[in-house]
Number of protein chains: 2
Amino acid sequence: MEVLRNPKREDWTGLTQRPLFDLTQLFSVVQPILENVKQRGDVALFEYEEKFDKAQLTTLEVTPAEVEEAVALVEPALKEALQVAHRNIASFHEAQRPQSLVVETCPGVRCEQHTVAIEKVGLYVPGGTAPLLSTVLMLGIPAQIAGCRTVVLCTPPNAEGKINPAILYAASLCGIDKIYKVGGAQAIAAMAYGTETVPAVHKIFGPGNQYVMAAKQLVALSQVAIDMPAGPSEVEVFCDATCVPQFVAADLLSQAEHGVDSQVILVCTNESTLTEILEALEEQLVNLPRKEIAEKALQNSKAILFDTVEQGVEFTNSYGPEHLILSVEGYRDLAPLMPHAGSIFLGNYSSESAGDYASGTNHTLPTKGWVRSYSSLSLSSFMRSYTVQELTPEGVVAIGTAVETMADAEQLFAHKHAMTLRLQSLSK
Amino acid sequence: MEVLRNPKREDWTGLTQRPLFDLTQLFSVVQPILENVKQRGDVALFEYEEKFDKAQLTTLEVTPAEVEEAVALVEPALKEALQVAHRNIASFHEAQRPQSLVVETCPGVRCEQHTVAIEKVGLYVPGGTAPLLSTVLMLGIPAQIAGCRTVVLCTPPNAEGKINPAILYAASLCGIDKIYKVGGAQAIAAMAYGTETVPAVHKIFGPGNQYVMAAKQLVALSQVAIDMPAGPSEVEVFCDATCVPQFVAADLLSQAEHGVDSQVILVCTNESTLTEILEALEEQLVNLPRKEIAEKALQNSKAILFDTVEQGVEFTNSYGPEHLILSVEGYRDLAPLMPHAGSIFLGNYSSESAGDYASGTNHTLPTKGWVRSYSSLSLSSFMRSYTVQELTPEGVVAIGTAVETMADAEQLFAHKHAMTLRLQSLSK
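Calculation criteria
- Residues numbered from 1 in each chain as written.
- Chains lettered and ligands numbered in written order.
- Predicted model: local features only at pLDDT ≥ 70, side-chain atom pairs only at ≥ 80, totals over all residues.
- Heavy atoms only, no water.
- Core = buried A, V, L, I, M, F, W, Y, C linked by side-chain atoms within 4.5 Å.
- Buried < 20%, exposed > 50% of the residue type's maximum accessible area, 1.4 Å probe, protein only.
- Contact = heavy atoms within 4.5 Å.
- Buried area = accessible area lost by both parts, 1.4 Å probe.
- Salt bridge = Lys/Arg side-chain N within 4 Å of Asp/Glu carboxyl O.
- Polar contact = N/O pair within 3.5 Å; in protein donor to acceptor, adjacent residues only side chain to side chain.
- Nonpolar A, V, L, I, M, F, W, Y, C, P; charged D, E, K, R; others polar.
- Pairing = 2+ DSSP bridges.
- Helix = DSSP H or I, 4+ residues; strand = E, 2+ residues; numbered from the N terminus.
- Axes fitted to C-alpha atoms, helices over the stretch in contact; angles between N-to-C directions.
- Parallel < 35°, antiparallel > 145°, perpendicular 65-115°, else oblique.
- Left-handed = near helix turned anticlockwise from the far one by under 90°.
- Phe/Tyr/Trp six-rings, centres within 6.5 Å; stacked < 30°, edge-to-face > 60°.
- Arc of directions from axis to C-beta.
- Least-squares fit on C-alpha atoms with pLDDT ≥ 70 in both.

### Here we look at the nonpolar core
One finds Cys154 and Met191 of chain A together with Met191 of chain B to be the most contacted residues of the largest nonpolar core, which totals 73 residues. What Met191 of chain B contacts, discounting residues up to four positions off in sequence, is Gly122, Leu123, Tyr124, Val152, Cys154, Val198, Pro199, Ala200, Val201 and Ile204 of chain B.

Laid out in structure tokens, this is it:
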């Protein structure tokens, strides 16, 4: 890690810069895939699965027998872990259930706000070397609690045409029974447009590589909603002499092992603590199976020493990290000063991995500075709100003139007339 | 209006189809404008304002003196109307203020959800023949209640370089003091990238023509969030013999006068009522100043007669209108069966114009079927939520093994190690 001491304010933008993607190039790769799936449906999916995942499939949908077989294969310890995680995630998301709202804004004018589940949602779970079973829970549980009527899950199969048993077990815990062996941009296309086998949905969720991300952004222009734009995962650890250097080093490595483009930033207000953390980092790195990935990620990472906590707070707000770990004295008072984060981890015992898997919070969080405008994934991401209003004759009298006057000023005379007729009917 | 009797289920998709826009063509027009403003800032804005709005400006920002002058020019009746609307809109949106959430998901694991205002928001208010003062209130009031620190308003000037006084008065009611004379795609670019004069924001709100919409979608790919995709305004009136035909006709015309591409659908379960509505429509159309626009919109509109209320409900759900007026017996019981609408107006006295201006609900609503995945604009559109968590040693013991096991299954060993170290520190 590059170590910087009290970097000047004008250098902060450079320090917090995220990798840039060439969206135009990504779109040009992805657009033909979307178009092909839209036009040719399942046939295109079979072709892409053979090309990209080396899987010669005869069917796309996972059968109940396959799920049953998978459930039997998952080790009891992993089943138990997934159940613990499921219970905590469900408990936190269940508490987010919104209330209907009824307000009489003035006599006879009743305004309401109600929330309902989005009917059909699609969950994308990436493949690759490791099965992202936690992602299944993080997307599947709020979909289930929201009451989405159709929950579709797409995930790429391996070369044998199989899906990791733990993925299927996690899906079954969330009551998901529409699971398809499709990955990449073609999976996003399938859920956006629908094919003979894969149902079209109204909103698509889930992480993925640059191509999946680009596909989500393209279908969001005209077809379906998406959860949020995405980029490489990020962590900032903000610490002082009260932290445990070994814990901090482990948290930094948790982020670094995700990928070579992972963003890792250490902010520290104590020089000897910083040195201890860097030493612990070297020690722990040696034994890490994903050592090469983590090393590359750390080469682009910064350790920043600030003289004051205030500077650290200001820097953190200027960065806006996905994950923010506060192992610093007075973290309870400091946390509200740094709301520009996807999820904040307080004290020495809240490892990022706690929230990644099992504490109950959602691990689907905005990256790349999108924390300034996007919410972290929550129950409300799977719901939509709408309004209802009812005016009585008294209500018409209360606001009728205001409506007429404003409609008049906007030169929308039919709008005015609709109110005039009602006012007239009451003055007869 | 074309009258249809009990159209077959397979014809519904055709009946509810929205006009298609050629996004690729729109993007190719808008992209160079965005690029130019991004590169050349204010200079580009001055050039575009001269080209598109015929305004030779020397400054872009509206001065306090201009606002003061404008406030003096607005008629007292309009001021009073705007104050009534402001009070009701504020009252309904104030009631939407979210609560923080604290859940102990298991002993020693505390998960929280907090909500804060988006720091910098941009509001776009279209120009044209009529000043959209209601839009200023609908966007400015929730921004103010949310507590957004910077609220930027862009609206095109007229050829004299002036902004309608009522717009400036409405803005001052919402405490907006950063107002810029910029319209169209160039305004969206200015708020997305920032210029010497116009501050960059984190989220852009507001209606506009196809070019504004395309510009919003393009900047949303990489730069800022936007409120929602948009299309021409829509209304469905669902009525039976209990409605007042003159009111229904007036409501249909309110929508039709918006533009030639406005979507107007009438669903009725009573043949003679339908005939009365169509007669009233003809009568009212004669005296409408925007008659030509309304007539063209009505040519593309449908009046549909269904034998049963059930068919009407099913059809309404298949359409998913922006505005849904229920002038039908038992509307209170029926409304929850048709949640796929942006805003629902109940009974004979709730004209769409009531909600457009002054009842308190927001008039910024999803169109084009986006009601299936997007919420109607609300206070939460101007806020973002994030999570916080704190584990005690007891919490680490409670979920530590689950975290280790899941991280192991995902082959993320640094994630596992971060928890193992904490567990080990407690067993010493």
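This is not the end of the story, as more comes after the structure.
### Points about the interface of chain A and chain B
Taken together, the contact between chain A and chain B spans 119 residues of the former and 118 residues of the latter. With both sides pooled, the region where chain A packs onto chain B buries about 10,100 Å², and carbon together with sulfur makes up 61% of that total. Linking chain A with chain B are six salt bridges, by the criterion used here. Glu112 of chain A is the salt-bridge partner of Arg332 of chain B, the closest N and O atoms lying 2.8 Å from each other. Linking chain A with chain B are 64 residue pairs in polar contact (both at pLDDT 80 or more), by the criterion used here. Here the side of chain A that touches chain B is built from residues that sort into 63 nonpolar, 40 polar and 16 charged. The pairing of strand 14 (residues 383-391) of chain A with strand 13 (residues 343-346) of chain B spans four bridges and is parallel. When the bridges of strand 13 of chain B are listed, Gln389 of chain A appears paired with Phe345 of chain B.

### Digging into the packing of helix 2 (residues 23-40) of chain A against helix 8 (residues 184-193) of chain A
Residue and element names in this part refer to chain A. Where helix 2 meets helix 8, the axes come as close as 9 Å, and the angle between the chain directions of the two elements is 45°. In terms of their interaxial angle, helix 2 and helix 8 are classed as oblique. As for how helix 2 packs across helix 8, the hand of that crossing is right-handed. Residues Val30, Ile33, Leu34, Val37 and Lys38 of helix 2 form the contact with helix 8, whose participating residues are Ala185, Gln186, Ala189, Ala190 and Tyr193.

### Thoughts on the pairing of strand 2 (residues 101-106) of chain B
Residue and element names in this part refer to chain B. Bridge count between strand 2 and strand 3 (residues 109-117): five bridges; the pairing is antiparallel. Bridge pairing in strand 3 places Val103 opposite Cys111. Between the antiparallel neighbours strand 2 and strand 3 lie two residues, among them Gly108 with a positive phi of about 85°.

### Let's talk about the sheet that holds strand 12 (residues 323-327) of chain B
Read from one edge of the open sheet, nine strands run 2(A)-3(A)-14(A)-13(B)-12(B)-9(B)-10(B)-11(B)-1(B), paired in mixed fashion. In this open sheet, the two edge strands, each paired with only one partner strand, are strand 2 (101-106) of chain A together with strand 1 (2-5) of chain B. Here the average twist between neighbouring strands, direction ignored, is 20°. In this structure, strand 9 (residues 234-239) of chain B lies alongside strand 10 (residues 263-268) of chain B, joined through six bridges in parallel fashion. For Glu234 of chain B, the partnering residue across the bridge sits in strand 10 of chain B and is Gln263 of chain B.

### Section: the pattern of salt bridges
Within this structure, the stated rule accounts for 30 salt bridges over all chains. The partner of Glu112 of chain B in a salt bridge is Arg110 of chain B, with the nearest N and O atoms 2.8 Å apart. Three or more residues are tied together by salt bridges with common partners; here these are Arg110, Glu112 and Glu390 of chain A together with Arg332 of chain B.

### Overview of the packing of aromatic side chains
A full pass over the atoms with the stated rule returns 14 aromatic pairs over all chains. An aromatic cluster is present here, built from Trp12, Phe306 and Phe315 of chain A joined pairwise through their rings.

### As for unusual backbone geometry
Positive phi, close to 55°, is recorded for Lys54 of chain A, a residue that is not glycine. When you line up the elements, Lys54 of chain A lands in the loop between helix 3 (42-53) and helix 4 (64-73). With a phi close to 60°, Gln411 of chain B is a non-glycine residue in the positive phi region. Within the secondary structure layout, Gln411 of chain B lies in the loop between helix 16 (393-409) and helix 17 (413-427). Among the residues examined, Gln411 of chain B registers a relative accessible area of 32% and is labelled partly exposed.

### Re the sheet that holds strand 2 of chain B
Taking strand neighbours across the sheet as the criterion, the nine strands line up as 1(A)-11(A)-10(A)-9(A)-12(A)-13(A)-14(B)-3(B)-2(B) in an open arrangement whose pairing is mixed. Both edges of this open sheet fall to strand 1 (2-5) of chain A together with strand 2 of chain B, since each of them pairs with a single strand only. Averaged over all neighbouring strand pairs, the angle between strand axes comes to 20°, with direction disregarded. Across four bridges, the pairing between strand 12 (residues 323-327) of chain A and strand 13 (residues 343-346) of chain A is parallel. Of the residues in strand 13 of chain A, the one forming a bridge with Leu324 of chain A is Ile344 of chain A. Here helix 5 (residues 76-94) of chain A sits on the sheet in contact with strand 2, strand 3 and strand 14 (383-391) of chain B, set at roughly 160° to strand 2 of chain B. Strands strand 9 (234-239), strand 10 (263-268) and strand 12 of chain A of the sheet are contacted by helix 10 (residues 245-256) of chain A, whose axis makes an angle of about 160° with strand 10 of chain A.

### Points about helix 12 (residues 291-299) of chain B
Residues and elements named next belong to chain B. Taken residue by residue, helix 12 has Ala294, Ala297 and Leu298 as its buried positions. Looking straight down helix 12, one finds its buried side chains confined to an arc of 100°; they lie on one side. Exposed side of helix 12, more than 90 degrees from the buried face: Glu292 and Gln299 are the residues found there. Looking at the buried residues of helix 12, the elements they touch are helix 10 (245-256), strand 10 and helix 11 (271-286).

### Here we look at the relation of the copies chain A and chain B
Least-squares fitting of chain A to chain B yields an RMSD of 0.0 Å, with the superposition described by an axial translation of 0.0 Å and a rotation of 180°. In symmetry terms, the pair is related by a two-fold rotation axis.

The analysis is restricted to geometry; functional conclusions fall outside its scope.
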